Amino acid sequence: MSDPTPVIDDLREESEELDALVAELSPEGWRRATPAPGWTIAHQIAHLNWTDRAALAAVTDEDGFRALVEQALAAPDRYVDDGAEEGAKQDPAALLTAWREGRAVLDEALRTAAPGARFPWYGPPMATASMATARLMETWAHGLDIAAALGVTRPPTGRLRHVARIGVRARDFAHAAHGLTPPAEPFRVELTGPGGDLWTYGPEDATQRVTGPALDFCLLATQRAHRADLALTAEGPDADRWLDIAQAFAGPPGAGRPPGAGRPAQGEPR
């Protein structure tokens, strides 16, 4: 992806739609539980704010980001929850303002980044478009949790193409995160987008294949639904194993959602 502008624009749109869900919440509303155990809506927004600011440090302050990595290494099993917990203690209005301000500064930094720049991250280094894609992926995934807490359906959009792409590209990282050797051969992934169009990745003649709805693949890669509740098909043992461990996000593997919990409610695609 040579020009990062389209995904940065989509990140802004995804964030604004989520902002509209929480902007008018009462303090009690911010304390509503979400499907993530122990996380309220405030925790979800606090996490997005924390990761936006970490991304900003990665783009503009490499030494500052290195300090964040050292903090994560010191508490690898807690740093995500600790960051969310600390942010969730803020007054909701202050948290909302901080998230908006952080988004705006990151948006500007991504748009003005030098062409070809690569930035450090908790996983492999990222180009500008990949960094924006990662932020969109997290915003969409945490937005699903917030929508579930509010009883709101969020129709899938074409922006899921970015989430699907990073999920496919993170195949080898997902294996490494589980202490597994990534498969040597590329996979073929064929996903049906919300509008009915086919999104394809990898060689057409690959023997290891994954097919199904793009929404389901995105739910799997962000661990918002268990594989057993999704309409994804794997052909080949390596592809089958990947669907058990897929993750689009950096960091250690998450617990995911239990089988039988179902899929987040979705409205009509748009």
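Keep in mind the model is a prediction, meaning the values are calculated, not measured. (Residues numbered from 1 in each chain as written. Predicted model: local features only at pLDDT ≥ 70, side-chain atom pairs only at ≥ 80, totals over all residues. Heavy atoms only, no water.)

Here we look at the sheet that holds strand 3 (residues 188-192)
Link 1 in the chain: Here four strands make up an open sheet; going across it, the order is 4-3-5-6 and the pairing mixed. Bordering the open sheet on either side are strand 4 (198-201) and strand 6 (233-235), each of which pairs with just one other strand. Each strand axis lies, on average, 10° off the axis of its neighbour in the sheet, ignoring direction.
Link 2 in the chain: Across three bridges, strand 5 (residues 209-213) lies against strand 6 in antiparallel orientation. Counted as the bridge partner of T211 is T233 from strand 6.
Link 3 in the chain: Its contacts with the sheet put helix 10 (residues 214-221) on strand 3, strand 4 and strand 5, and the angle it makes with strand 5 is roughly 110°.
Link 4 in the chain: In the packing of helix 11 (residues 237-245) onto the sheet, the strands contacted are strand 3, strand 5 and strand 6, and the crossing angle to strand 6 comes to about 145°. (Pairing = 2+ DSSP bridges. Helix = DSSP H or I, 4+ residues; strand = E, 2+ residues; numbered from the N terminus. Axes fitted to C-alpha atoms, helices over the stretch in contact; angles between N-to-C directions. Contact = heavy atoms within 4.5 Å.)

Digging into the side chain of D19
Link 1 in the chain: Mapped onto the elements, D19 comes out in helix 1 (residues 5-22).
Link 2 in the chain: Overall, D19 belongs to the buried group, its relative accessible area being 8%.
Link 3 in the chain: Side-chain polar atoms of D19 contact the side chain of R100, separated by 2.8 Å.
Link 4 in the chain: Residues in contact with D19, not counting those within four places in the same chain, are L96, W99, R100 and R103. (Buried < 20%, exposed > 50% of the residue type's maximum accessible area, 1.4 Å probe, protein only. Polar contact = N/O pair within 3.5 Å; in protein donor to acceptor, adjacent residues only side chain to side chain.)

Observations regarding helix 7 (residues 128-150)
An α-helical segment advances 3.6 residues per turn. Residues three or four places apart therefore align on the same side.
Link 1 in the chain: The end-to-end C-alpha separation of helix 7 is 33 Å, in line with the 33 Å expected for 23 residues at 1.5 Å each.
Link 2 in the chain: For helix 7, the tally of buried residues reaches 22 of 23 residues, placing the bulk of the element in the interior. (Expected span 1.5 Å × (residues − 1).)

A look at the pattern of salt bridges
Link 1 in the chain: Following the criterion strictly, the structure yields 26 salt bridges and no others.
Link 2 in the chain: The partner of R78 in a salt bridge is D82, with the nearest N and O atoms 3.4 Å apart.
Link 3 in the chain: Note on D82: relative accessible area 38%, which makes it partly exposed.
Link 4 in the chain: Residue D240 is joined to R227 by a salt bridge in which the shortest nitrogen-to-oxygen separation is 2.5 Å. On the criterion of sequence distance, the pair formed by D240 in helix 11 and R227 in the loop between helix 10 and strand 6 is long-range, its members being 13 residues apart.
Link 5 in the chain: Salt bridges here are not isolated pairs; linked through shared partners, they connect E13, E14, E17, R154 and R159. (Salt bridge = Lys/Arg side-chain N within 4 Å of Asp/Glu carboxyl O.)

Some details on the nonpolar core
Link 1 in the chain: Judged by nonpolar contacts, the single largest core of 59 residues is most densely connected at L110, W121, Y122, M131, W140, L191 and W242.
Link 2 in the chain: Here this core takes nine residues from helix 7, the largest share from any one element.
Link 3 in the chain: When neighbours within four sequence positions are excluded, W140 is seen to be in contact with E14, R154, L160, V163, L215, C218, L219 and T222.
Link 4 in the chain: Formed by 15 residues, the second largest nonpolar core is a distinct cluster that contains L18, I45, L48 and L95. (Core = buried A, V, L, I, M, F, W, Y, C linked by side-chain atoms within 4.5 Å.)

Focus on helix 6 (residues 92-111)
Link 1 in the chain: Taking 1.5 Å of rise per residue, 20 residues should cover 28 Å, and helix 6 covers 29 Å from first to last C-alpha, within 8% of that figure.
Link 2 in the chain: Three or more residues of helix 6 are buried, namely P92, L95, L96, A98, W99, G102, R103, L106, D107, A109 and L110. Seen from one end, helix 6 has its buried residues packed into an arc of 165°, which puts them on one side.
Link 3 in the chain: Buried residues belonging to helix 6 abut helix 1, helix 2 (27-30), helix 3 (41-60), helix 5 (79-88) and helix 7.
Link 4 in the chain: A distance of 3.0 Å separates the backbone nitrogen of A93 from a side-chain oxygen at the start of helix 6, and that oxygen is part of D91. (Arc of directions from axis to C-beta.)

A closer look at the environment of L136
Link 1 in the chain: Assignment of secondary structure puts L136 in helix 7.
Link 2 in the chain: A residue is classified by how much of its surface remains accessible, and L136, at 1% relative accessible area, is buried.
Link 3 in the chain: With 129 residues separating them along the chain, L136 and V7 place their C-alpha atoms 8.1 Å apart.
Link 4 in the chain: Setting aside anything within four residues of it in sequence, one finds L136 in contact with V7, D10, L11, E14, R159, H162 and V163.

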